[in-house]
Amino acid sequence: MGDCKPIPTMEGEENLIAAAQHIVKALETNKNLTNDARKILADLGSQLSSMAIITENKDAVLSSEIERRLNLVHDKVMNWEIDQSMIWDSGPEEANEYLKAIDEAQKLIESLEGLNLTKDSEENLLLRRAYDVLQTAMARVEEEFRHMLVHNRQPFEPEHVSFRSTEEDVVDQVSIVSFGDDSFEEVIQRDSISRGAEEYLINLVQQDVIPDLKCIANVMFDSNYGRECSQAYISVRKDALDDCLFILEVEKSSIEDVLKMEWSSLNSKIRRWIWAMKIFVRVYLASEKRLCDQIFGELESVSPVCFAEASKASILQLLNFGEAIAIGPHQPEKLLRILDMYEVLADLIPDIDTLYADETGSCIRFESQDVLRRLGDCVKSTFLKFENAVASNISTNPFAGGGIHHLTRYVMNYVKTLTIYSETLDLLLKDHDPEDSISLSPDMSPVAESDENSGDSSSCFSPMALHFRSLASILERNLDDKSLLYREDSLRHLFLMNNIHYMAEKVKASELRTIFGDGWIRKHNWRFQQHAMNYERATWSSILSLLKDEGIQNPGSNSVSKTLLKERLQRFYIAFEEVYKSQTSWLVPDSQLREDLRISTSLKVIQAYRTFVGRHSTHVSERHIKYTADDLENFLLDFFEGSPRSLHSFHRR
């Protein structure tokens, strides 16, 4: 038997028979076999031949059975190709029958692939037919899947989180005023919705079709058509997410488009973005993630991929708008809105990280963090530019009437509004020394502004507080420069009194008090009072000297000269009339400060006049008394009203 050829390795019953036949033939070639042995081998060969014939008949029967079953599946699948109606719309029985047909096709393919097929064998042709039928069925269930997602979509109507804003009625004044405009008052309105409303999950697809969608997805993935199923889902839901942004009135705009927008238009878009971003992430994306999990939850790693791919374009559209704002011009009027954007995105970062926790969502996580960083840099740069803008605000003409300058109103209302962003500003400004940006004189630095007796030092203040105090010092220095434009010392002091008083009152009556500190308030109260005293001294000192007795006596005698007394009174009246004419056009906007200044003037001037006239009443006739003390008292009521008047036409009754 040394001449025997190697026995080929074979599987199955017919392979076993063939192997036995091979052994018999090999043995028959042995010349040393006895006749009995040869007869036994001949009988064995006959039996093996008979068994091979039976096996071939069985294969033919099996092939025939597979073909019969395949024909049934084919007919079931192709009948629905002719029918224009949707299978799942025809009821659960029809859907189940179709799924059974798919299952049967899968089993037939599995059986045929288990056979030892040759290229041109009948079984191989059946296998190809089975694959064709399965492909047709998969195309059909993909169509059903799409149809079910589209036609069972729930409308997105965010009434429960509607945009509460007055932007349609008024323009946000906070964002459009400039240094030359005194209309800046506390008009800021932060558009917000409750977190409870933000976390409201909604059904994006009717819940009764979720089991069918899940079933189709599982069938397609089991049939190695998972890619087609995923693409169908991504395509449909991407359109749905685009529609959601449309409903939220978020328009597609390139970075170039955003950079070209006028601020009034851009301001409205930012407010809309702030609101839409919260709703989109916390309501819509959270609901989209849940839908993905409901359909693909049993398929490992499929749900995160489908969610990320379906939502990537829409979330990037929103983030790109934030990036465009961050790289745009860093203008002071934009700071409040940029802070709103920063705080909203910072608040949403944990939500975004959770939604896109897998590797497939890493690009979204990275982009959101990058946009947040850019917005933070923009906030810091814009605030520092605001400090520089205040410092460099130059006037060529004195401010009419000596009232509260537009710049003072703007800056103080600006910082007052910024207090609601204290945590964010402390975070963003912590690594920047306020004295880095603008050089201040020693007595105007934030630390010098503190009350020496209060123990204040730079270490006691937050980064935002240091920058606010620095900004106030910059403003004061600018006001000092503007005051030098006045020719009259009295008006210069009145101007500084008005503006420093306004600053002190703004701090005292708002959240700024805790930021600037009581020491700062005391120091500025003292400053404006000093300017009030200096105003009185500059205005009335020379006039009060006319009400003294020196210089009205007859030469060489202590007796009063009537002529000199009349001249002295006449000079007083002329001087008072000049003051009246000019200072009725001056302005002290604060009613209490205005009243205090009138009372102080009355106590000094009117009382001195009353005493002077009373003391010399025997030396001057009533016809030489042009104004009584009461007349002068009434005239003082016209001071500081910003309406110029004259006493030339006054006649005593």
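Note that this is a predicted model, so its numbers are computed, not measured.

Visitor: Hey, could you run me through the overall build of the chain in this one?
Guide: A count of helical and extended segments in the chain gives 22 helices and zero strands. Here the chain, with 653 residues, has 47% of them falling under the buried criterion. Restricting to contacts in the chain with at least 6 residues of sequence separation, those with at least 24 account for 80%.

Visitor: Before we go on, may I ask you to explain the confidence of the model for the chain in this structure?
Guide: Do not read the predicted coordinates in detail wherever pLDDT is low. Overall, the prediction assigns the chain a mean pLDDT of 82, with 78% of residues at 70 or greater. Here residues 163-177 is modelled with pLDDT under 50, and outside its nearest four sequence neighbours on either side it reaches 36 contacts, counting other chains as well. Here residues 192-198 is modelled with pLDDT under 50, and outside its nearest four sequence neighbours on either side it reaches 17 contacts, counting other chains as well.

Visitor: How should I be thinking about the nonpolar core in this particular structure?
Guide: Here is a general trend for soluble globular proteins: nonpolar side chains tend to be buried in one another's company. Counting 179 residues, the largest nonpolar core has Phe145 and Phe296 as its most contacted members. Element by element, the count of residues in this core is highest for helix 9 (residues 263-296), at 18 residues. Once residues lying within four places of it in the same chain are set aside, the contact partners of Phe145 are Leu213, Ile216, Ala217, Cys229, Ala232, Tyr233, Ile295 and Phe296.

Visitor: Mind showing me how you'd approach the packing of aromatic side chains here?
Guide: The description of two aromatic rings rests on the distance between their centres and on the angle between their planes. A full pass over the atoms with the stated rule returns 26 aromatic pairs. Every member of this aromatic cluster is reached through a ring pair, and the members are Tyr535, Trp540, Phe572, Tyr573, Phe576, Tyr580, Tyr609, Tyr627, Phe635, Phe639 and Phe640.

Visitor: What should I look at first to understand the packing of helix 10 (residues 302-327) against helix 12 (residues 362-391) in this one?
Guide: When two helices pack together, their arrangement is given by the angle between their axes and by how far apart the axes lie. Contact pair helix 10 / helix 12: the axes reach a minimum separation of 8 Å and the direction vectors enclose 20°. In this view, helix 10 runs roughly parallel relative to helix 12, as classed from their interaxial angle. Handedness of the crossing formed by helix 10 with helix 12: left-handed. Residues Lys312, Ile315, Leu316, Leu319, Asn320, Gly322, Glu323, Ile325, Ala326 and Ile327 of helix 10 pack against Cys363, Ile364, Glu367, Ser368, Val371, Arg374, Leu375 and Cys378 of helix 12. When its residues are assigned to classes, the contact of helix 10 with helix 12 shows eleven nonpolar, three polar and four charged.

Visitor: Would you mind going over the side chain of Arg282 with me for this structure?
Guide: With respect to the element layout, Arg282 can be found in helix 9. The buried category is assigned to Arg282, whose relative accessible area is 3%. In this structure the side chain of Arg282 is engaged in a polar contact, spanning 3.0 Å, whose partner is the side chain of Asp347.

Visitor: Sorry if this is basic, but what is going on with the environment of Gln553 here?
Guide: Secondary-structure assignment places Gln553 in the loop between helix 19 (518-544) and helix 20 (562-583). On the basis of relative accessible area, Gln553 is assigned to the partly exposed category, the value being 28%. A sequence separation of eleven residues divides Gln553 from Leu564, and the C-alpha atoms of the two residues are 7.5 Å apart.

Visitor: Looking at this structure, I do not really get the pattern of salt bridges. What am I missing?
Guide: Proximity of charged atoms lets side chains of opposite charge pair with each other. As enumerated under the stated definition, the model contains 31 salt bridges in all. Among the salt bridges present, the one from Arg140 reaches Glu81, with a minimum N-O distance of 4.0 Å. On the criterion of sequence distance, the pair formed by Arg140 in helix 4 (residues 122-151) and Glu81 in helix 2 (residues 35-82) is long-range, its members being 59 residues apart. The partner of Glu323 in a salt bridge is Arg374, and the shortest N-O contact between them spans 4.0 Å. Remark: Arg374 occurs in helix 12 and Glu323 occurs in helix 10; sequence separation between them is 51 residues. Linked through salt bridges whose partners overlap, the residues forming this network are Glu323, Asp370, Arg373, Arg374 and Asp377.

Visitor: Can you walk me through the environment of Asp212 in this structure?
Guide: Topologically, Asp212 is positioned in helix 6 (residues 210-222). When sequence neighbours within four positions are dropped, the list of residues in contact with Asp212 reads Trp88 and Met148.

Visitor: Looking at this structure, how should I read the side chain of His531?
Guide: Topologically, His531 is positioned in helix 19. By relative accessible area, which is 15% here, His531 ends up buried. When sequence neighbours within four positions are dropped, the list of residues in contact with His531 reads His493, Leu496, Met497 and Ile500.

Visitor: I would appreciate a short explanation of helix 6 in the present structure.
Guide: For the α-helix, the turn length of 3.6 residues means that residues three or four positions removed from each other point alike. With 13 residues, helix 6 should reach 18 Å at 1.5 Å per residue; the first-to-last C-alpha distance of 18 Å fits that figure. The elements touched by buried residues of helix 6 are helix 3 (92-113), helix 4, helix 7 (226-247) and helix 9. Note on helix 6: the residue one or two positions beyond its end, Asn224, has a positive phi of about 65°.

Visitor: Even after reading the chapter, I still don't get unusual backbone geometry, so can you show me in this structure?
Guide: When glycine is set aside, most residues are seen to have a negative phi, and most peptide bonds are trans. Phi angles above zero are rare outside glycine, and Asn224 is one such case at about 65°. Within the secondary structure, Asn224 sits in the loop between helix 6 and helix 7. On the basis of relative accessible area, Asn224 is assigned to the exposed category, the value being 70%.

Visitor: Would you explain the packing of helix 11 (residues 335-355) against helix 12 in this entry?
Guide: Axis separation between helix 11 and helix 12 bottoms out at 9 Å; the angle between their running directions is 155°. Looking at the two axes, helix 11 sits roughly antiparallel to helix 12. As helix 11 runs across helix 12, the sense of the crossing is left-handed. Together, Leu335, Ile338, Leu339, Met341, Tyr342, Leu345, Ala346, Ile349, Ile352 and Asp353 of helix 11 and Ile364, Arg365, Ser368, Gln369, Val371, Leu372, Leu375, Gly376, Cys378, Val379, Thr382 and Phe383 of helix 12 make up the contact between the two elements. For the contact of helix 11 with helix 12, the per-class residue count stands at 16 nonpolar, four polar and two charged.

About the cut-offs
Along each chain, residue indices are assigned from 1 in the same order as the chain's sequence is written. The predicted nature of this model means local features are confined to residues of pLDDT at least 70 and side-chain atom pairs, given and counted, to a pLDDT of 80 or more, with totals for whole chains, interfaces and linings taken over all residues. The side-chain figures draw on all heavy atoms in the structure; neither hydrogens nor water molecules are used. Numbering of helices and strands starts at the N terminus; helices are DSSP runs of H or I of at least 4 residues and strands are runs of E of at least 2. The buried label applies to any residue whose accessible area, calculated with a 1.4 Å probe on protein chains only, is under 20% of its type's maximum; exposed applies above 50%, and partly exposed to all values in between. By definition in these notes, contact holds between two residues if any of their heavy atoms fall within 4.5 Å. Per-residue confidence from the predictor is reported as pLDDT, a score between 0 and 100. The set of buried Ala, Val, Leu, Ile, Met, Phe, Trp, Tyr and Cys residues whose side-chain atoms join them within 4.5 Å is what this entry labels a nonpolar core. The criterion for an aromatic pair is that two Phe, Tyr or Trp rings (for Trp, the six-membered ring) have centres within 6.5 Å, with stacked assigned to planes under 30 degrees apart, edge-to-face to planes over 60 apart and tilted to the rest. An axis is simply a line fitted to the C-alpha atoms; with a helix, the fit covers only the stretch in contact. Between two such axes, the angle follows the N-to-C directions and lies from 0 to 180 degrees. Oblique is the label for every angle not falling under 35 degrees (roughly parallel), over 145 degrees (roughly antiparallel), or within 65 to 115 degrees (roughly perpendicular). Here a crossing is called left-handed whenever its near helix is offset anticlockwise from the far helix by less than a right angle, and right-handed whenever the offset is clockwise. Only Asp, Glu, Lys and Arg are considered charged in this grouping, and only Ala, Val, Leu, Ile, Met, Phe, Trp, Tyr, Cys and Pro are considered nonpolar; every other residue, Gly among them, is considered polar. Polar contacts, as counted here, are pairs of nitrogen or oxygen atoms within 3.5 Å of one another; within protein the pair requires one atom able to donate a hydrogen and one able to accept it, and residues that are adjacent in sequence qualify only if both atoms are side-chain atoms. Every case where a carboxyl oxygen of Asp or Glu lies within 4 Å of a side-chain nitrogen of Lys or Arg is listed as a salt bridge. Each helix should span, by expectation, one fewer than its residue count multiplied by 1.5 Å.

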